[in-house]
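Notes for the structure review
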Amino acid sequence: MNIFIDILLFSIGLILIIKGGDMFVDSAVWIAEKSGIPKVIIGATLVSFATTLPEITVSVLATLSGSNEIAVGNSVGSVNANIGLVLSVCAIFCPFVIKRRTFFPSGFLMLLAIGTIYVFSISGRLLPLGSVILVLIFVSFMLVNVNQAKQAPQQENGEVSGSIGGHLICFIIGVAAIVIGARLLVDRGQSLALCFGVPESIIGVTLVAIGTSLPELVTSITAAVKKQGALSVGNILGANIIDTTLIIPLCSFISGGTLTLAPQTLLVDMPASIVLGAACVLPTLFSRRLMRGQGFFMVALYIAYMFFMLRFSL
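The notes below deal with the structure included here.

Parameters and conventions
- Residues numbered from 1 in each chain as written.
- Predicted model: local features only at pLDDT ≥ 70, side-chain atom pairs only at ≥ 80, totals over all residues.
- Heavy atoms only, no water.
- Helix = DSSP H or I, 4+ residues; strand = E, 2+ residues; numbered from the N terminus.
- Buried < 20%, exposed > 50% of the residue type's maximum accessible area, 1.4 Å probe, protein only.
- Contact = heavy atoms within 4.5 Å.
- Core = buried A, V, L, I, M, F, W, Y, C linked by side-chain atoms within 4.5 Å.
- Axes fitted to C-alpha atoms, helices over the stretch in contact; angles between N-to-C directions.
- Left-handed = near helix turned anticlockwise from the far one by under 90°.
- Nonpolar A, V, L, I, M, F, W, Y, C, P; charged D, E, K, R; others polar.
- Patch = residues over 30% accessible without salt bridge, like charges linked within 9 Å, V, L, I, M, F, W, Y side chains within 5 Å.
- Areas by Shrake-Rupley, 256 points an atom, 1.4 Å probe, with all protein chains shown as cover.
- Salt bridge = Lys/Arg side-chain N within 4 Å of Asp/Glu carboxyl O.
- Parallel < 35°, antiparallel > 145°, perpendicular 65-115°, else oblique.
- Expected span 1.5 Å × (residues − 1).
- Bend = angle between axes of the 7 residues up to and from the residue.

**Considerations on the overall build of the protein chain**
- Across its full length, the protein chain holds 11 helices and 2 strands.
- Each helix (α) and strand (β) of the protein chain, taken in turn from the N terminus, gives the series α-α-α-β-α-α-α-α-α-α-α-β-α.
- Looking at the protein chain as a whole, 51% of its 314 residues are labelled buried.
- In the protein chain, of all internal contacts separated by at least 6 residues, the share reaching a separation of at least 24 is 85%.

**Here's the deal with the nonpolar core**
- Within the largest apolar cluster, 53 residues are counted, with the highest numbers of intra-cluster contacts made by Phe103, Cys280 and Tyr305.
- Within the residue set of this core, elements represented by two or more residues are helix H2 (39-64), helix H3 (68-93), helix H4 (100-119), helix H5 (128-151), helix H7 (200-212), helix H9 (229-254), helix H10 (263-281) and helix H11 (292-313).
- For this core, the element with the highest residue contribution is H3, accounting for 10 residues.
- Grouped together as the second largest cluster of nonpolar side chains are 8 residues, Phe10, Val58, Ala193 and Val208 included.

**Concerning the packing of H3 against H10**
- Between H3 and H10, whose axes approach to 10 Å, the crossing angle comes to 35 degrees. H3 and H10 meet at a crossing whose hand is left-handed. Judged by residue contacts, Val72, Val76, Val79, Asn80, Ile83, Gly84 and Leu87 of H3 engage Thr265, Asp269, Met270, Ala272, Ser273, Leu276, Gly277 and Cys280 from H10.
- Of the residues assigned to the contact of H3 with H10, the class counts are 9 nonpolar, 5 polar and 1 charged.

**Some words on a nonpolar patch on the surface**
- The grouping of Ile3, Phe4, Ile7 and Phe196 at the surface amounts to a nonpolar patch, some 410 Å² of accessible area in total.
- Top contributing element to the nonpolar patch by residue count: helix H1 (residues 2-34), with 3 residues.
- Tracing the sequence through the fold places Phe196 in helix H6 (residues 164-196).
- Its relative accessible area of 52% is what places Phe196 among the exposed residues.

**Some remarks on the packing of H4 against H10**
- Close contact between H4 and H10 brings their axes to 10 Å; oriented N to C, the two are set at 165 degrees. For the element pair H4 / H10, the angle class is roughly antiparallel. Crossing geometry of H4 relative to H10 is assigned as left-handed. Contacts between H4 and H10 involve Phe103, Phe104, Gly107, Met110, Leu111, Ile114, Ile117 and Tyr118 from the former and Leu266, Met270, Pro271, Ser273, Ile274, Gly277, Ala278, Cys280 and Val281 from the latter.
- Here the residues of the contact of H4 with H10 are counted per class, giving 14 nonpolar, 3 polar and no charged.

**Structural notes on H10**
- Helix length check: H10 (19 residues) gives 27 Å between terminal C-alpha atoms against 27 Å at 1.5 Å per residue, within 8%.
- The largest bend in H10 is about 30 degrees, located at Asp269, with the proline Pro271 one to four residues further on.

**Observations concerning the environment of Tyr118**
- Here Tyr118 shows up in helix H4.
- We classify Tyr118 as partly exposed; its relative accessible area is 25%.
- C-alpha of Tyr118 to C-alpha of Pro271: the two residues are 153 residues apart in sequence and 8.1 Å apart in space.

Interpretation note: all reported values are geometric properties and have no functional meaning in isolation.
Shown next, in the form of structure tokens:
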């Protein structure tokens, strides 16, 4: 009976995160548009932050609970899910043209962040210098976005409907739902791991990581369907950079510089992130499109990663 209760509460936490993230994104974008912030900045920063809030909340709460493996697994697993599931689905069903000038800086920084985590965690613990470099990459990412926003042609903001009070209430409710849902996700994830004898790192890179990546999935597919491919790619790359350069150092700071990485993370999850990241970024050196074939290839890599990850854990 306890297992069924854990599954029920885990599912409720997931639903709260999804719905809370949806409310948060809608209200945050409305407030930004109402204030006159250019949409390019909204897409590159605010939307990525908003859709990454579930990962941030889950990883921070997991670290505070002493579950470093769920915290790291959630962050790294979300990167893999964002590329292998979210972006690949967009490429398969809605191939679109990319702008190299805006794509490659973010793509390069994403690969640099993944490589930094791997190199500075090879001993099994993220070194302080690695955290510093990751924060510098995050700062660079923000500066790149601001510079691109200044160079982009300004667009007129359309009329936005609704009252500021109503959107602020939705904003607060969305944040509360994400926090409560993340707490349920972490607690029940730990409990399920104990019940089934599954390592917390596996729970982190599967159930938790895929669950917290659902806001990115919804946002990116919606953007791709509406022929806003740049927003879709920007959201994924931005979310991945935030996952690696903000969440990981933050968790390391909270843990007192003792953030440990499980053997599975070092031997399977991180190499998979590097391969998936390269499959996402490098082909666009020769093509201006995120192609359907590239999407199928990334899905195949993700399936192979899940197979090896499960084999490694058994």
